[in-house]
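# Observations on the model geometry
Read off the chains here:
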Amino acid sequence: MFTVSIENGESKSFDQPLMAFDALRELVPDQVAKTFAVEIDGQPADLRKMISTDAVLRPLTFADDYGRHAFHHTSSHIMAEAVLSLWPDAKFAIGPAIDQGFYYDIDLEHKLTEEDLAKIEAQMKKLIKKRERIERFVLPRDEARDLMAKRDEIYKVELIDELPADEEISFYKQGEFTDLCAGPHLMNAAPVKAVKLLSVSGAYWRGSEKNKMLQRIYGVSFPTREELDSHLKALEEARARDHNKLGRQLGYFTTTDYIGQGLPIMLPKGTKVLQILERFVEDEEERRGYMLTKTPLMAKSDLYKISGHWDHYRDGMFVIGDADKAEEEEVFALRPMTCPFQFQAYLQKTRSYRDLPLRYNETSTLFRNEASGEMHGLIRLRQFTISEAHLIVRPDQIEAEFLGALDLAIFMLDALGLLEDVSYRFSTWDPERRDKYIGEAEEWERVQALMQGILDKSGIEYETESGDAAFYGPKLDIQIRNVFGKEDTIITVQIDFQLASRFGMTYTDKDGERRHPYIIHRTSVGCYERTLALLIEKYAGAMPLWLAPTQVRVMPISEKHVDAAYDVKNRLQAAGLRVEVDARDEKIGKKIKEGQLEKIPYFIILGEKEIADGVYAVRSRTEGDIGQMQPEPFIERLLDEVKRRVK
């Protein structure tokens, strides 16, 4: 006999093993229809999970991450089954659930169109109405491979070949469609009441340009039509804020095919905002005791071998020369980070414990060989600029310096208006993946415990993510989502307990002994281009005054007022404001309308009366027509708004 309980609820005893779904049906029959997965003793599980010992269950619905994951994963299989019924020659790669729905990568000669998406949707609805049971089964490796090979599923065969020898190879079957899959899934398709296929795009198999280009279909699904309608409305609002569209429309940046993906051209407006951000960061960091460095954009492989990047990060680097001949020839690589370069500044002379902490900062241009499929506007790039710094500290300084770096990050996020949008993630190592890291297990556990204590003391709420640590130490990742819900890291603070030893970095302690310092790697606003993208989306292109590339536009009513307009511009510029004149021979209404579309914060309309009276007719982006103002009060108003960084 064993007992199954619902968390904080009913319990019942059973004398033979049963599926989690059957246990729920016995205990909470009214919740079964809304349950898409379960937690068994606190661990997420498929509804098919067999129970044979005492257990506590928690039903997971669409409101729970894992329940929603099962729902979306099932939706991707329904879509694949629909595609197969329409195009029997289709071959399937991967079809995961993602944060905002699902996708499937498909090898299909037929070029899918918007009309085809409507056909697939209609077929999905027919399949859902059949309420076919979704069955899970497992096969030995050879049988699993044979099953997929007979169906000419070349991508599935490749995946099977790469699975660990002891891996359980599971499949899910619904109707005529069988897919290699680890799950989880619903019991049948019936709960998927509303579905919408959003787009189709190209995606290289495994994100590599060396592989075949597949077709990726994105979709969303919900338990009710009302939820789908609400999501689609939010999606329209997100598209209106999408920096990849809005940033181009407003003239912040552009891209060209013959330069390449992930290599944007920053136009004057975007460049001005980046300059404002960089100056703001560098000035604040200097105020906090940082020392600015400027280091090379590339180095020989020798440097990266010492740091460990050559062994642990080479695939993400742009190598100049033949990487396989690095032992025989000079091979260079563009830098993916600045740390080993700044360490050379520390190594220029001997150091005492009195010299520490040392805080080196740099506005660093970095290069990372991102896959083509990962590129998106300014969010993920192959060349980008970052607010990087490395703090060389004694063990007794780690806590204060880490908290200082966190305080700086929070200060920056608050100034930019992004603080309320972020979450915190403590990224630790995975002891089961020793190949990903350097250093001893005891050191990792000790430093992670130290960092956890610091995070607890900081008062921030954070989640722990195993396996996402840097190869040389644990880190705090400050996470943020773009308008489409895709999560990225905006800022990191890392504790490095290993690279100082590799580079021979030491200091003389109070007792005269030479010791290795700790190093804190950190950013303050992270990648500037990504931050610009997030700001465009946050403010829908209407930048706060202190960040706006143009703060005031002066609009003469007619040609005879143009000289006076330039006098106004010169006066405002002398006060430190960014001003331009719209001297075109156009009606003032058109000038105002176009200025509003460009998200200019303030307009000055200048005509005969304003010039005669020595006043400005002021219009605000947020308040509309303010009326006439004397020059000095107007200038003081704007300078105060800039000083306070009004959002």
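Residues numbered from 1 in each chain as written. Predicted model: local features only at pLDDT ≥ 70, side-chain atom pairs only at ≥ 80, totals over all residues. Heavy atoms only, no water.

Formed by 61 residues in total, the largest nonpolar core has its most connected members in Phe402 and Ile478. Dropping the residues within four chain positions of it, Ile478 is found in contact with Leu406, Ala409, Leu413, Val422, Ser423, Tyr424, Asp488, Thr489, Ile490 and Ile491. The next biggest cluster of nonpolar side chains, apart from the first, holds 35 residues, and it includes Ala37, Phe92, Val192 and Ile217. (Core = buried A, V, L, I, M, F, W, Y, C linked by side-chain atoms within 4.5 Å. Buried < 20%, exposed > 50% of the residue type's maximum accessible area, 1.4 Å probe, protein only. Contact = heavy atoms within 4.5 Å.)

Here the focus is helix H13 (residues 441–458). The end-to-end C-alpha separation of H13 is 26 Å, in line with the 26 Å expected for 18 residues at 1.5 Å each. Among the residues making up H13, those that are buried are Trp444, Val447, Gln448, Met451, Ile454 and Leu455. Across the axial projection of H13, the buried residues extend over an arc of 120°, all falling on one side. Away from its buried face by more than 90 degrees, H13 exposes Glu442 and Lys457. Tucked inside the fold, the buried residues of H13 contact helix H12 (398–416), strand E24 (422–428), strand E25 (462–466), strand E26 (475–481), strand E27 (487–496) and strand E30 (518–527). Phi turns positive one or two residues past the end of H13, at Gly459, with a value near 90°. (Helix = DSSP H or I, 4+ residues; strand = E, 2+ residues; numbered from the N terminus. Expected span 1.5 Å × (residues − 1). Arc of directions from axis to C-beta.)

Here we take up the domain arrangement of the chain. When the domains of the chain are assigned, the result is domain 1 (2–55), domain 2 (66–229), domain 3 (265–296 + 335–538), domain 4 (298–334) and domain 5 (552–643). For domain 3 and domain 5, the distance between their C-alpha centroids amounts to 42 Å. (Domains from an automatic or database assignment.)

The next thing to look at is the sheet that holds strand E35 (residues 624–629). Ordered by their spatial adjacency, five strands build an open sheet running E32-E31-E33-E34-E35, and the pairing between neighbours is mixed. Each of the sheet's edge strands pairs with one partner strand only, and the pair in question is strand E32 (579–581) and E35. On average, each strand axis in the sheet is tilted by 25° relative to the strand beside it, whichever way the strands run. Judged from the four bridges that link them, strand E33 (residues 602–606) and strand E34 (residues 616–620) form a sheet pairing that is antiparallel. Its bridge partner being in E34, Phe603 is matched across the sheet by Arg619. Along the sheet, helix H16 (residues 562–574) contacts strand E31 (552–556), E32, E33 and E34; its crossing angle with E32, the most-contacted strand, is approximately 175°. Relative to the sheet, helix H17 (residues 588–597) contacts E31, E33 and E34, its axis offset from that of E31 by approximately 165°. (Pairing = 2+ DSSP bridges. Axes fitted to C-alpha atoms, helices over the stretch in contact; angles between N-to-C directions.)

Moving on: the packing of helix H4 (residues 141–150) against helix H5 (residues 154–162). Where H4 meets H5, the closest approach of the two axes is 8 Å, and the angle between their N-to-C directions is 165°. The orientation of H4 relative to H5 falls into the category roughly antiparallel. Regarding H4 and H5, the two cross each other, and that crossing is left-handed. Here Arg141, Ala144, Arg145, Met148 and Ala149 of H4 lie close against H5, whose contacting residues are Lys156, Val157, Ile160 and Asp161. (Parallel < 35°, antiparallel > 145°, perpendicular 65-115°, else oblique. Left-handed = near helix turned anticlockwise from the far one by under 90°.)

When you line up the elements, Ala371 lands in the loop between strand E22 (358–367) and strand E23 (383–393). Judged by relative accessible area, which is 27%, Ala371 ranks as partly exposed. Residues Ala371 and Thr295, 76 residues apart in the sequence, show an inter-C-alpha distance of 26 Å. Aside from chain neighbours lying at most four places away, what touches Ala371 is Gly207 and Arg382.

Taken in spatial order, the three strands make up an open sheet running E11-E12-E13, and their pairing is antiparallel. Two strands in the sheet have a free side with no partner beyond their single neighbour: strand E11 (135–139) and strand E13 (177–180). Across the sheet, the mean angle from the axis of one strand to that of its neighbour is 25°, orientation sign disregarded. Running at roughly 125° to E13, helix H2 (residues 65–86) makes contact with strand E12 (169–174) and E13 of the sheet.

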